Amino acid sequence: MDIQYIGENLFWGYVGRFAIFLAFFSAIFAAFSYYRATSTDRIDYRLWRSWARKAFRFHSLMIAIASLMLLYILLSRFYEYRYVWIHMENGLPLGYRLASFWAGQEGSLLFWVLAQAVFGIFLIRYSRQWEMHTMTIFSACQVFMVSMLLGIRFQGASIGMDPFLLLRLAPENVDNHFFHNPNYLSLITDGNGLNPLLRNFWMLSHPPVTFIGYAAVLVPYCFSLAGMWRGRFHDWIRPALPWTVLGVFFLGAGILLGGVWAYESLTFGGFWAWDPIENASLVPWLIIVAALHLMLVARKKRHTYFPAFLFAILAYVFVVYASYLTRSGVLSETSVHSFGRDGMGWHILIYLFTLLVAGLVLLLRNYSKLPAKESEKVFARDFWMFVASLVLVLSAFQIIFSTSVPVINKVIGSDLSPPANVVSHYNTWQLPFAVVIALLVGLTHFLRWGSNDIRRFTGLISFSVIAALVAGILLLAFYGIGGTGHIMMLFASLFALFSSLDMLLRFKRKYISVGGAVTHLGISLFLLAVLLTFSKKTTISENTSGYFLGENFSETENLLLIRDEVLPMGDYHVSYSGSSIDGDRIIYHVDFLKKNREGDLYRVFTSYPSVLLNERMGNVYEPYARVYPFRDIFTYVSFADLSERDNNEPFTLIEEMVISVGDTAHLNNNHLFFKDLEIDKGQGGNEGLRVSAVLSLETHYGEIYNISPSYIVSESSVIHEDHTIRDLDLKFRFSRPLDEPYTIYLEVYEEQPDFIIIKTVIFPLINLLWASILILLAGLWISFRKLRREARIAKTF
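My aim in this report is to walk through the structure given alongside it, one point at a time. (Residues numbered from 1 in each chain as written. Predicted model: local features only at pLDDT ≥ 70, side-chain atom pairs only at ≥ 80, totals over all residues. Heavy atoms only, no water.)

1. Observations regarding the overall build of the protein
To keep things clear, this is the line we draw: Helical segments are the DSSP runs of H or I of at least four residues, strand segments are the runs of E of at least two, and each set is numbered from the N terminus. Buried, partly exposed and exposed residues are distinguished by accessible area as a fraction of the type maximum, computed with a 1.4 Å probe on protein chains only: under 20%, between the cut-offs, and over 50%, respectively. Should any heavy atoms of two residues lie within 4.5 Å, those residues are counted as being in contact. The accessible surface values rely on the Shrake-Rupley method and a 1.4 Å probe; as for residues, cover is taken only from the protein chains in view.
The helix and strand inventory of the protein stands at 18 helices and 23 strands. Dimensions of the protein, computed from C-alpha atoms along their principal axes, come out at roughly 120 × 85 × 45 Å. Taking all 797 residues of the protein together, the buried fraction comes to 52%. In the protein, 66% of the contacts between residues at least 6 apart in sequence involve partners at least 24 apart. A total accessible area of about 36,900 Å² is found for the protein, and carbon and sulfur atoms account for 58% of it.

2. A word on a positive patch on the surface
Inclusion rule: A residue counts toward a patch only above 30% relative accessible area and without a salt bridge, and it is joined to like-charged neighbours within 9 Å or, for Val, Leu, Ile, Met, Phe, Trp and Tyr, to nonpolar neighbours within 5 Å. Only one rule defines a salt bridge in this text: a Lys or Arg side-chain nitrogen within 4 Å of an Asp or Glu carboxyl oxygen. Lys and Arg are tallied as positive, Asp and Glu as negative. Neither His nor the chain termini are counted. The atoms used to mark charge sites are NZ of Lys, CZ of Arg, CG of Asp and CD of Glu.
Among the surface-exposed residues, Arg125, Arg128, Arg792 and Lys795 lie close enough to one another that they form a single positively charged patch. Looking at where Lys795 falls in the secondary structure, it is placed in the segment after α18 (766-793).

3. Quick notes on empty space enclosed by the protein
This is how the line gets drawn: With a 1 Å grid laid over protein atoms only, a set of points is called a cavity when a 1.4 Å probe fits there but cannot get out and a pocket when it is open yet has protein on both sides within 12 Å along at least five of seven lines; lining residues have an atom within 4 Å of a point. Grid points are joined across faces, edges and corners, and a volume is the space filled by probe spheres set on the points. Three residue categories are used. Nonpolar comprises Ala, Val, Leu, Ile, Met, Phe, Trp, Tyr, Cys and Pro, charged comprises Asp, Glu, Lys and Arg, and polar comprises the others, including Gly.
Summed over all chains, the structure comprises one cavity of 30 Å³ or more. By volume, the largest cavity amounts to about 30 Å³. Ala99, Ser100, Trp102, Ala103, Leu194, Leu198 and Met203 are the residues that line the largest cavity. Across the lining of the largest cavity, the residue classes break down as six nonpolar, one polar and no charged.

4. Some details on the nonpolar core
Where we set the bar: Only buried residues count toward a nonpolar core, which is a set of Ala, Val, Leu, Ile, Met, Phe, Trp, Tyr and Cys residues joined through side-chain atoms within 4.5 Å.
With 201 residues, the main nonpolar core has Trp112, Phe138, Tyr221, Phe311 and Tyr316 as its most contacted residues. The biggest single contributor to this core is helix α10 (residues 305-327), with 17 residues. Those residues in contact with Tyr221 that lie beyond four places of it in its chain are Ile137, Ala312, Ile313, Tyr316, Leu355, Ala358 and Gly359. Counting residues in each nonpolar core, the second largest holds 21 residues, with Leu677, Ala693, Leu697 and Phe732 among its members.

5. A short note on the packing of aromatic side chains
Put simply, the rule is: Only centres within 6.5 Å qualify two rings of Phe, Tyr or Trp (six-membered ring in Trp) as a pair; their planes then separate them into stacked at under 30 degrees, edge-to-face at over 60, and tilted for everything else. Here, a charge over a ring is recorded when the distance from Lys NZ or Arg CZ to the ring centre is within 6 Å and its angle to the ring normal is within 35 degrees.
Overall, the coordinates contain 54 aromatic pairs when judged by the stated rule. Geometrically, the ring pair formed by Trp12 and Tyr72 is tilted, given 4.5 Å between the ring centres and 50 degrees between the ring planes. In this pair, Trp12 sits in helix α1 (residues 11-37) while Tyr72 sits in helix α2 (residues 45-75), placing the two residues 60 residues apart along the sequence. According to the relative accessible area criterion, Trp12 is partly exposed, its value standing at 25%. Within the aromatic cluster, the residues linked to one another by ring pairs are Tyr263, Phe534, Phe634, Tyr636, Phe763 and Trp770. The ring centre of Trp449 lies 5.4 Å from the NZ or CZ of Arg381, which sits over that ring. The positively charged end of Arg631 is found above the aromatic ring belonging to Tyr628, 5.9 Å away from the centroid.

6. Structural notes on the pairing of strand β4 (residues 559-562)
Going by this rule: Whether two strands pair depends on DSSP finding at least two bridges between them.
The two faces of β4 match: Leu559 and Leu561 on one face and Leu560 and Ile562 on the other face are all buried. The sheet contact formed by β4 and strand β23 (residues 755-764) spans four bridges and is antiparallel. Across the sheet, Leu561 pairs through a bridge with Ile756, a residue of β23.

7. Some remarks on a nonpolar patch on the surface
Taken together, the side chains of Phe29, Phe32, Leu47 and Trp51 make up a nonpolar region of the molecular surface, amounting to roughly 400 Å² of accessible area. Counting residues per element, the ones that place at least two in the nonpolar patch are α1 and α2. Here Trp51 shows up in helix α2.

8. Re the environment of Ala794
For Ala794, the position within the fold is in the segment after α18. By relative accessible area, Ala794 is classed as partly exposed at 36%. Spatially, the C-alpha atom of Ala794 lies 65 Å from that of Val574, the residues being 220 residues apart in sequence.

9. Regarding the sheet that holds strand β22 (residues 743-751)
Threshold: For helices, the fitted line uses only the C-alpha atoms of the stretch in contact; every axis is such a line through C-alpha atoms, and the angle between N-to-C directions lies from 0 to 180 degrees.
If you walk across this open sheet you meet the four strands as β13-β22-β21-β20, and the pairing is antiparallel. In this open sheet, the two strands that pair with only one neighbour each are β13 (651-660) and β20 (723-725). Direction aside, the axes of adjacent strands within the sheet are offset by 25 degrees on average. In the sheet, β20 pairs with strand β21 (residues 730-737) via three bridges, with the strands oriented antiparallel. Considered in β21, the bridge of His723 is made with Phe732.

10. Regarding the state of the cysteines
Stated formally: By definition, disulfides here are pairs of cysteine sulfur atoms that lie within 2.5 Å.
Going through the model one piece at a time under the given rule, you end up with zero disulfides. We note that Cys141 lacks a disulfide partner, and the nearest cysteine sulfur, in Cys222, lies 5.1 Å from it. A residue is classified by how much of its surface remains accessible, and Cys222, at 0% relative accessible area, is buried.

11. Let's talk about the pattern of salt bridges
Counting across every chain of the model gives 16 salt bridges. Taking the shortest distance from any N to any O, the salt bridge between Arg82 and Glu172 comes out at 2.9 Å. Pair noted here: Arg82 is in helix α3 (residues 82-87) and Glu172 is in the loop between β2 (157-159) and α7 (206-230), with a separation of 90 residues, a long-range link. In this structure, the salt-bridge partner of Arg506 is Asp502, at a minimum N-O distance of 2.6 Å. Here the residue Arg506 and the residue Asp502 both occupy positions in helix α16 (residues 484-506), the gap between them amounting to four residues, near one helical turn. On the accessibility criterion, Asp502 (5% relative accessible area) is buried.

12. Quick word on the packing of α7 against helix α8 (residues 237-265)
Rule in force here: Angle categories: roughly parallel below 35 degrees, roughly antiparallel above 145, roughly perpendicular from 65 to 115, and oblique for all the rest. Helix crossings get a hand from a simple test, with the near helix turned counterclockwise from the far one by less than a right angle marking a left-handed crossing and a clockwise turn marking a right-handed one.
Close contact between α7 and α8 brings their axes to 7 Å; oriented N to C, the two are set at 155 degrees. When the axis of α7 is compared with that of α8, the two are roughly antiparallel. For the element pair α7 and α8, the recorded crossing hand is left-handed. Of the residues belonging to the contact of α7 with α8, the class tally is 17 nonpolar, seven polar and no charged.

13. Some thoughts on the packing of helix α17 (residues 514-534) against α18
Between α17 and α18, the shortest axis-to-axis distance is 7 Å and the interhelical angle comes to 160 degrees. With respect to each other, α17 and α18 are oriented roughly antiparallel. Viewed along their axes, α17 and α18 form a crossing whose handedness is left-handed.

14. Here we look at the environment of Asn668
Checked against the element boundaries, Asn668 lands in the loop between β14 (664-667) and β15 (670-680). On the accessibility criterion, Asn668 (44% relative accessible area) is partly exposed. Sequence separation between Asn668 and Ile654 is 14 residues; the distance between their C-alpha atoms is 9.9 Å. When near neighbours in sequence (up to four residues on either side) are disregarded, Asn668 contacts Ile654 and Glu750.

15. Focus: the side chain of Ser100
For Ser100, the position within the fold is in the loop between α4 (94-99) and α5 (105-126). Residues contacting Ser100, with those up to four places away along its chain left out, are Leu74, Tyr83, His87, Met88 and Leu194.

16. Details of helix α11 (residues 345-365)
An α-helical turn contains 3.6 residues, so any two residues separated by three or four positions project in the same direction. The cut-off we apply is this: Take the number of residues in a helix, subtract one, and multiply by 1.5 Å to get its expected span.
Given a rise of 1.5 Å per residue, 21 residues ought to cover 30 Å, and the 30 Å separating the end C-alpha atoms of α11 matches this to within 8%. Residues Gly345, His347, Ile348, Leu349, Tyr351, Leu352, Leu355, Leu356, Gly359 and Leu363 constitute the buried set of α11.

17. Remarks on α5
The first and last C-alpha atoms of α5 sit 32 Å apart over 22 residues, in line with the 32 Å expected at 1.5 Å per residue. Across the 22 residues that make up α5, a large majority, 17, are buried. A positive phi of about 55 degrees marks Arg128, the residue just after α5.

What follows is the structure, encoded as structure tokens:
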């Protein structure tokens, strides 16, 4: 018998699910119609193009409606939907309620499809004569993407994941008797809640910007296939270039915003941890940057078409591969970014291999038709840009190989071990690539396309070389960078930096690419900042408390602070002054102190590391960075007692004993003597009775403390008058007298100190890193505007 459920808001889910199905079929029709319209010799090609445009716009509208429906049920907290229950909760602020849209598999995938739909609309508007071919491929990609949202189950197989799946219909709940209750919804008072790692300001921007970048990288993929499809191996480059720069801009911005999030929210102490999912998003960015430079070479010199096509194809293939690593669950045990094992892996792999095979088949079929290079001039800008692009791709493949070790083991059944020290492994491999890239950035600024005069080149480059040598020697002398690799990196990044500045300040704008020079300035400054910041980051929180921290905490990197005690730490003294509660956060107050000329301590600033409490998904320890112009002082709590305390009773029972007059007992390496019992009948009213135990405690240092806890009997109650030794944080209670003469039951309590363990790291010149990011993105935006203007003049955009 069907159960008539009470209170479910089904309308919005029906609308959203129906919109997804309409989007799926309209994308199929758009791809088919655009394909028919590619035959411009057909009489009715204009009709097919018109139908294709209408179909894709309808497809985009349906994706927008589905997105609005998902957003509405999230904001309305309709917990009858599985996605809402998993990622939403009652007390979530509005910003994080919006972020819950892309917090899970289905929502993030829907946002990605929405971003691609928007790019498709712009592509229709601006691709001009390339519209039919590019949109055929683009629409076909949308078919694959939307199929991942269908959520159809057929004979045990699942096609996609439904964002509007009801909680009671989820596979894990089918046999749950809780949902046999027609009024089950009234019993669900709250949701599971947003992952606490995502409750950060930067998570409002990092995921959506990254997905916009993923969507943008699809456009040069479509242009490259369209160029081969039409046999126009050169003409596709100019209209594709602005879109390629947009892909570099948005994907780069998304990655860098993720680095800012990691720095502010995670406790590994840095900007980049070489997390597998971080790596997977970096790889397509490196490849699309290589493709961009090869496209510029091909546009100018009419060669290197093959690698330009290949890297434009691989960039989007690796975007989908990054999605596979995130969504298949294959890295669920090695990455904080990975989703669980929800069965999406094979679906994504089919899409990935379709993209790869389609691109490679077209490329191989047209290989013999690609214009060949007439002669090889080594001393030319185009040659060294080609070399730089290959270095970028080699860097990307080293990263993706190490990242894919779990995938390789799963596919071929091998037992390869991932690197034990991840950061050291990647830094060691990537340092030579970074040095070569920085040198090539500096060199190519002063090389012309084609032939170059060695004397002219030497004269132009001399300023940058001399400035880099002088600045490098000064930094080595006063900053103290060590290690051959780091020294090479220092000079290479300084050379690229001064080369970029020289281009911008000495040469006329009509002779240089301003956007390229600014972008290279940002890249060189970024490499320099990474070196200066992370080669000299210093952990100052050596344990000076005298307490052993245990095997889980390094004594040279963690400091135990008891409340109100002052301990030295680096150039400071620190004191834990207490904590406060803000919602689900416990915020700890750590005062950083210094001595004035008289030797008195004064507070320089207070650090506020915190712990975000979450019983369902685990607590998150959040760092706090005190920002100065030339350094950050980065502090987080590595341990805190999060158990509920009774602030009115800070003592904990540590010992219970039966003791008689004349006895001696051992207590924490101290000796406790029971001397006598004193009885006073004048207490507690006319019939009151006070019995006091007379004891003494001798410590292992020879100190003696007299102790006299009392047991008081009044007319209506028993009162314990405890005795506290503040020096030892001990409290003694005469619990009750026993039947045996002169024998009592004694309880000993110890005051549990309020303490935390902190780790503090100083990051010098970290603001230089943030500045370099802004310069890099500004350069990319300038380049986009210039390339778009050129494409409009050529009537290709």
